[in-house]
Amino acid sequence: MKLLKDILYGVSLSAVSGDTNVMVNHVHFDSRKVEMDDVFVAIRGLITDGHKYIQKAVELGAKAIVCEELPELLVNGITYLKVPNANSALAYIAANYYENPSKNLKLVGITGTNGKTTVSTLLYNLFKKSGFKVGLISTIKVLVDNKEYKATHTTPDVLTINQHLSNMNLEGVEYCFMEVSSHGIHQKRSEGLHFAGAIFTNLSHDHLDYHKTFAEYRDTKKKLFDDLPKTAFALTNIDDKNGLVMLQNTKAKKYTYALKSYADYRAQILEKQFDGQLLKIDDNELWSKLIGDFNAYNLLAIYATADILGLEKLETLQLISELENVDGRFQYFISKEKITAIVDYAHTPDALKNVLVTINALRTGNEKVITVVGCGGDRDRSKRPVMGHIASEMSDQAIFTSDNPRTESPSVIIEEMEEGVEAQNTRKVLSVENRKQAIKAACKLAMANDIILVAGKGHETYQETNGVRVDFDDFKEVKEALMSLEK
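I will try to describe carefully the structure that is included in this document. As the structure is a prediction and not an experimental result, all values here were calculated from the model.

## Thoughts on the overall build of the chain
If you tally the helices and strands in the chain, you get 15 helices and 26 strands. In terms of C-alpha radius of gyration, the chain reaches 24 Å, essentially the compact-globule figure of 23 Å for 487 residues. The C-alpha extent of the chain, read off along each of the three principal axes, is 80 × 50 × 40 Å. Looking at the 487 residues of the chain, the share that counts as buried comes to 56%. When contacts within the chain are restricted to residue pairs at least 6 apart in sequence, those whose partners lie at least 24 apart make up 65%. When the accessible area of the chain is evaluated, it comes to approximately 21,100 Å², of which 48% is carbon and sulfur surface.

As structure tokens, then:
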């Protein structure tokens, strides 16, 4: 158990009713999990308001209530704490409850529209290969050194983050690399954490259903850098027009990386092939199995971070040359008929364009590029026609299909994608609502040496419709479809 006043350190309090010099058990923001002597934090969410469940939490045995608005009835023996922002309060309470575990390791946050998972995962792999005990908090999974936990969000809730970091402390983890999403920053899930550094990858159209404007989306990302201490580092991609914006108000030591601009860390692509690319970093050449300009940026960010954190440069370059693709990120398979199938998580206009630019740059003759793509339901609708335009413009054949329609009609989503297709490209577009059938159609249309891109889901192994998830793995589906045609 913990002393309530101890876990309130750093929390801004508007009013207190009751005793803070009491022992409490656990902290929860889900009233259903509350038990005797717990603390309940009432969060105003997108779907429901935790203030509605304060009475339920009290009935279940809560000893303390943290809220933005005090209930009319205050129960004797219960401590009520009014705060300006419950999300922020929860962040500090969670960190204090787990004894501020982020202070005991070097926590590096990675933010940006694309590349977060690749950079964080490959940094984990690189430092692991260097002999360190390492942690990872990513979209795909959470790793506490060698122990794996399933990830549920890009940035988990603050209680889960601090619990994982606490476990990392127990395992002697020295470095942790963590994806930090704009949702996570806005909802204060990264607040109260002590970051040793932050990396900015890029910024493009995404999440405008949540942030409403691009400026708000950008400024939310920027807050990660604004809050860094003087002892931390801030590493940014200055080829991105928003790169220097991230550094405007940071107190951290500033570093830059780029392929096209003058920067502290620079790289050059010397040669590209389907099985990798030759890069020049710091006047040293290295062969990487990861292809595309976007991966050159990712690898340069990894190299720069390793150098800033004190790893030996030549050893780092050697380890970078050994790194493999992250699941669902330009993951490819070549069939016996010499058809190349690529699965990529590209679910934003910029990511889709980057992958198709890479594919088209690698074409050597008359190969067709067939793109299977959809857009998620209950998400930013404004990007749907943009992705429809990109897929139809940059492919020889585009097949629009479902991609986690959630509570929306798949056919309506596809229609909104079709709105972005220009007249001269309509003949290149097919709409096949069933994703499995869309992938099969692409495989049937493909001839020897053609390239199939299945975009949007990447590492995800499910399809979500009306709250129901069914197993669905793009890579498995396209591989099986191609192999069945060879029989």
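## Describing the environment of Leu105
One can find Leu105 in the loop between α3 (86–97) and β8 (106–111). A relative accessible area of 8% places Leu105 in the buried class. In this structure the C-alpha to C-alpha distance between Leu105 and Glu315, which are 210 residues apart in sequence, comes to 22 Å. Excluding residues that lie within four positions of it along the chain, Leu105 makes contacts with Leu165, Met168, Asn169, Val173, Glu174 and Cys176.

## Some remarks on the sheet that holds strand β19 (residues 331–334)
Taken in spatial order, the six strands line up as β19-β20-β24-β21-β22-β23 in an open sheet, and their pairing is mixed. Each having just a single partner strand, β19 and β23 (429–431) make up the two edges of the open sheet. The mean inter-strand angle of the sheet, taken between neighbouring strand axes irrespective of direction, is 15 degrees. The sheet contact formed by strand β21 (residues 369–373) and strand β24 (residues 451–455) spans four bridges and is parallel. Its bridge partner lying in β24, Val369 is registered against Ile451. Against the sheet, helix α15 (residues 474–486) makes contact with β19, β20 (340–344) and β24, and its axis sits at roughly 10 degrees relative to β19, the strand it touches most.

## Topic: the side chain of Ser402
Relative to the elements of secondary structure, Ser402 occurs in the loop between β22 (397–400) and α13 (410–418). Judged by its relative accessible area of 8%, Ser402 falls in the buried class. Here the side chain of Ser402 touches Glu433 through a polar contact of 2.8 Å, landing on its backbone oxygen. The contact partners of Ser402, leaving out residues within four places of it in the chain, are Pro410, Ile414, Val432, Glu433, Arg435 and Gln463.

## Re the pairing of β21
For β21, a buried count of five out of five residues is recorded, marking the element as mostly surrounded by other parts of the structure. In β21, alternate side chains face the same way, and those of Val369, Thr371 and Val373 on one face and Ile370 and Val372 on the other are all buried. One ladder, built from four bridges, connects β21 with β22; its direction is parallel. Paired with Ile370 across the two strands is Gln397, which belongs to β22.

## Focus: the nonpolar core
Within the largest apolar cluster, 42 residues are counted, with the highest numbers of intra-cluster contacts made by Leu126, Phe127, Phe177 and Ile199. For this core, the element with the most residues is helix α9 (residues 293–308), which contributes ten residues. One finds Val369, Val373, Val421 and Leu453 within the second-largest nonpolar core, a separate group that totals 28 residues.

## Quick word on the packing of aromatic side chains
Considering all chains together, one arrives at nine aromatic pairs under this definition. An angle of 45 degrees between the planes, with centres 6.5 Å apart, marks the rings of Tyr255 and Tyr265 as tilted. In this pair, Tyr255 is assigned in strand β15 (residues 253–258) and Tyr265 in strand β16 (residues 265–273), connecting sequence segments ten residues apart. Since its relative accessible area comes to 8%, Tyr265 is described here as buried. Judged by centre distance (6.2 Å) and plane angle (50 degrees), the rings of Phe274 and Tyr332 are tilted. Here Phe274 is found in the loop between β16 and β17 (276–281), whereas its partner Tyr332 is found in strand β19, with 58 residues between them in sequence. For Tyr332, a relative accessible area of 30% corresponds to the partly exposed category. Among the aromatic residues, ring-to-ring pairing joins Phe127, Phe132, Tyr175 and Phe177 into one connected group. The lysine or arginine in question, Lys457, covers the ring of Tyr462, its NZ or CZ lying 5.0 Å from the ring centre. Its guanidinium or amino end placed over the ring of Tyr462, Arg469 lies 3.8 Å from that ring's centre, counting from NZ or CZ.

## Quick word on unusual backbone geometry
A positive phi angle, near 65 degrees, is found at Asp283, a position not held by glycine. Within the secondary structure layout, Asp283 lies in the loop between β17 and β18 (284–288). Non-glycine residue Asp378 carries a positive phi angle of around 60 degrees. With respect to the helices and strands, the residue Asp378 is situated in the loop between β21 and α12 (383–394). By relative accessible area, Asp378 is classed as partly exposed at 32%.

## Let's talk about the sheet that holds strand β4 (residues 27–28)
In space, the five strands of this open sheet follow the order β2-β7-β6-β5-β4, with mixed pairing throughout. Every other strand in the sheet has two partners, leaving β2 (15–17) and β4 as the edge strands with one partner each. Direction of pairing for strand β5 (residues 39–41) relative to strand β6 (residues 64–67): parallel, over a ladder of three bridges. Residue pairing in the sheet places Val41 in a bridge with Val66 of β6.

Cut-offs applied
Residues numbered from 1 in each chain as written. Predicted model: local features only at pLDDT ≥ 70, side-chain atom pairs only at ≥ 80, totals over all residues. Heavy atoms only, no water. Helix = DSSP H or I, 4+ residues; strand = E, 2+ residues; numbered from the N terminus. Rg over C-alpha atoms; globule rule 2.2 N^0.38 Å. Buried < 20%, exposed > 50% of the residue type's maximum accessible area, 1.4 Å probe, protein only. Contact = heavy atoms within 4.5 Å. Areas by Shrake-Rupley, 256 points an atom, 1.4 Å probe, with all protein chains shown as cover. Pairing = 2+ DSSP bridges. Axes fitted to C-alpha atoms, helices over the stretch in contact; angles between N-to-C directions. Polar contact = N/O pair within 3.5 Å; in protein donor to acceptor, adjacent residues only side chain to side chain. Core = buried A, V, L, I, M, F, W, Y, C linked by side-chain atoms within 4.5 Å. Phe/Tyr/Trp six-rings, centres within 6.5 Å; stacked < 30°, edge-to-face > 60°. Lys NZ or Arg CZ within 6 Å of the ring centre and 35° of its normal.

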